[in-house]
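Structural description and commentary
Chain residues, written in single-letter form:
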Amino acid sequence: MQRIVIKTNDVDQRLDNFLKKAFPKLSLNAIYRHIRTKNIKINDKKCQPDYHLHLNDVLNIYINDDLLSKLPTHTDFLLAPANLNIVYEDDNILIVNKPVGLVVHQDKTNTVDTLINRIKHYLYNKKVWNYQQENTFTPSLIHRIDRNTNGLILAAKNAKSLQILNAKLKTHQIEKYYFCQVHGIINPPNGVLKGFLTRNLQTKIVKISQHPINRQSQEIITEYRTISHDRNISLLEIKLITGKTHQIRAHLASINHPIVGEQKYTTPQYSYLKLKNHQQLTAYKIIFNFKTDAEILNYLNHKTFKI
């Protein structure tokens, strides 16, 4: 038997979703069965799977403890540096400037020095998040950028902010802008690129096409504006309308204007050039442009953050 008191970062989750995250060994069918047979109660009363948790609800679970074991708590984040280039921070969100060469999440190299681990270590040191006192929540990134792209990344410090920001990003109410240098002079100088992106899961490379290749193809929209050009190099501002894996790099290369220093998606005529030691792509601006209620984050509406 286990007794769990619902905390701030658990509030408003559905009971079945909370239990699945808290106890990975329990299948959804088992969760529904134990709720139905009253082996799971809230405040000593029968409950339903779609019950939304409230602060200080008491969850009593009368199930074999073997099934209630949690996944081992990973404390790798404590091995990562806690230093961050913070652009903005308040009680709900954190905006950091990620350097070139740092991955946002653990990749095939299994390095512990990731951006999310640095954020966890930083928040743990500040005593605003403690993995030992949380039931299910962990600080999370709202979006990501490539290892060799630098710039702004938005993170949520609590569950409510994470829920709101994920919804706002999905409905294009958080605008992301980039600077990049590309080969050639784009004509017309300003425009909107549209296409479909298909990812090869084996090679980790994406392909851009004008029509869907298969059911996994995703529509992409990339808005660009030429700021300046010098000889055969142009400086562009990019606004991501959609945000898919490698979208900017692959989309620009598909129109024969690859990013300077980029190797994976460069076109043959530029493949021999190594003008820079990394791709010239920077996530330089985030705008919160809420069209619907953002609840605890309404104060962010119409705010702009830049490097």
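You'll find the structure just up there.
This write-up is about the structure you can find in this document. (Residues numbered from 1 in each chain as written. Predicted model: local features only at pLDDT ≥ 70, side-chain atom pairs only at ≥ 80, totals over all residues. Heavy atoms only, no water.)

Within the secondary structure, D90 sits in the loop between β4 (86-89) and β5 (93-98). At 5.8 Å, K157 is the nearest oppositely charged side chain to D90, a buried residue that forms no salt bridge. Here the side chain of D90 touches Y88 through a polar contact of 2.8 Å, side chain to side chain. Sequence-distant contacts of D90, defined by excluding residues within four places in its chain, comprise K157, Y299 and L300. (Helix = DSSP H or I, 4+ residues; strand = E, 2+ residues; numbered from the N terminus. Buried < 20%, exposed > 50% of the residue type's maximum accessible area, 1.4 Å probe, protein only. Lys, Arg positive; Asp, Glu negative; His and termini not counted. Salt bridge = Lys/Arg side-chain N within 4 Å of Asp/Glu carboxyl O. Polar contact = N/O pair within 3.5 Å; in protein donor to acceptor, adjacent residues only side chain to side chain. Contact = heavy atoms within 4.5 Å.)

Looking now at the layout of surface pockets. As a volume, the largest pocket reaches approximately 1,600 Å³. Lining the largest pocket are 43 residues, with R144, I145, D146, T245 and H246 sitting closest to its centre. Among the secondary structure elements, those contributing two or more residues to the lining of the largest pocket are α4 (159-170), β8 (174-183), β9 (190-200), β12 (233-240) and α5 (247-254). Here the element with the most residues in the lining of the largest pocket is β8; it accounts for four residues. Of the residues contributing to the lining of the largest pocket, the split by class is 14 nonpolar, 15 polar and 14 charged. (1 Å grid on protein atoms, 1.4 Å probe; cavity = no way out; pocket = protein on both sides within 12 Å on 5 of 7 lines; lining within 4 Å. Points joined across faces, edges and corners; volume = space filled by probe spheres on them. Nonpolar A, V, L, I, M, F, W, Y, C, P; charged D, E, K, R; others polar.)

Judged by nonpolar contacts, the single largest core of 49 residues is most densely connected at L154, L165, L252 and F288. When sequence neighbours within four positions are dropped, the list of residues in contact with L252 reads C180, V182, I186, L193, L236, I238, H257, P258 and I259. Ranked by size, the runner-up nonpolar core spans 19 residues in total, among them I6, L15, I31 and I35. (Core = buried A, V, L, I, M, F, W, Y, C linked by side-chain atoms within 4.5 Å.)

Moving on: the sheet that holds strand β3 (residues 58-61). In a beta sheet, neighbouring strands are held together by backbone hydrogen bonds and run either parallel or antiparallel to one another. Taken together, the three strands give an open sheet; going across it, the order is β1-β3-β2, and neighbouring strands pair in antiparallel fashion. Looking at strand neighbours, the two that pair on one side only are β1 (2-5) and β2 (40-42), the edges of this open sheet. For this sheet, the mean inter-axis angle between neighbouring strands, taken without regard to orientation, is 15 degrees. Where β2 lies against β3, three bridges are found, and the strand directions are antiparallel. Considered in β3, the bridge of I40 is made with I61. Set on the sheet, helix α1 (residues 15-22) makes contact with β1, β2 and β3; between it and β3 the angle comes to about 60 degrees. (Pairing = 2+ DSSP bridges. Axes fitted to C-alpha atoms, helices over the stretch in contact; angles between N-to-C directions.)

So, about unusual backbone geometry. N187 connects to P188 through a cis peptide bond whose omega is 5 degrees. The phi torsion at K38 lies on the positive side, around 65 degrees, for a residue other than glycine. In this fold, K38 is placed in the loop between α2 (28-36) and β2. One non-glycine residue, K204, adopts positive backbone phi at about 65 degrees. Counting through the fold element by element, K204 comes out in the loop between β9 and β10 (205-209).

So, on to α5. Among the eight residues in α5, seven count as buried, and that is most of the element. Three or more residues of α5 are buried, namely Q247, I248, R249, A250, H251, L252 and A253. In the stretch just after α5, N256 is the one whose phi turns positive, near 70 degrees.

Once that is clear, we can look at helix α3 (residues 115-125). Among the 11 residues that make up α3, nine are buried, leaving the element largely enclosed by the rest of the structure. For α3, the complete set of buried residues consists of L115, I116, N117, R118, I119, K120, H121, Y122 and L123. On its buried face, α3 sits against β4, β5, β6 (140-141) and β7 (150-156). Looking one or two places after α3, you find K127, whose phi comes out positive at around 65 degrees.

By secondary structure assignment, the location of I95 is in strand β5. The exposure class of I95 is buried, given its relative accessible area of 0%. Distance in space between the C-alpha atoms of I95 and L79 is 22 Å, their sequence separation being 16 residues. Beyond its immediate stretch of four places on either side in the chain, I95 contacts N85, I86, V87, Y88, L152, I153, L154, F288 and F305.

It is worth stressing that arrangement in space is one thing and function is another; only the former is reported here.
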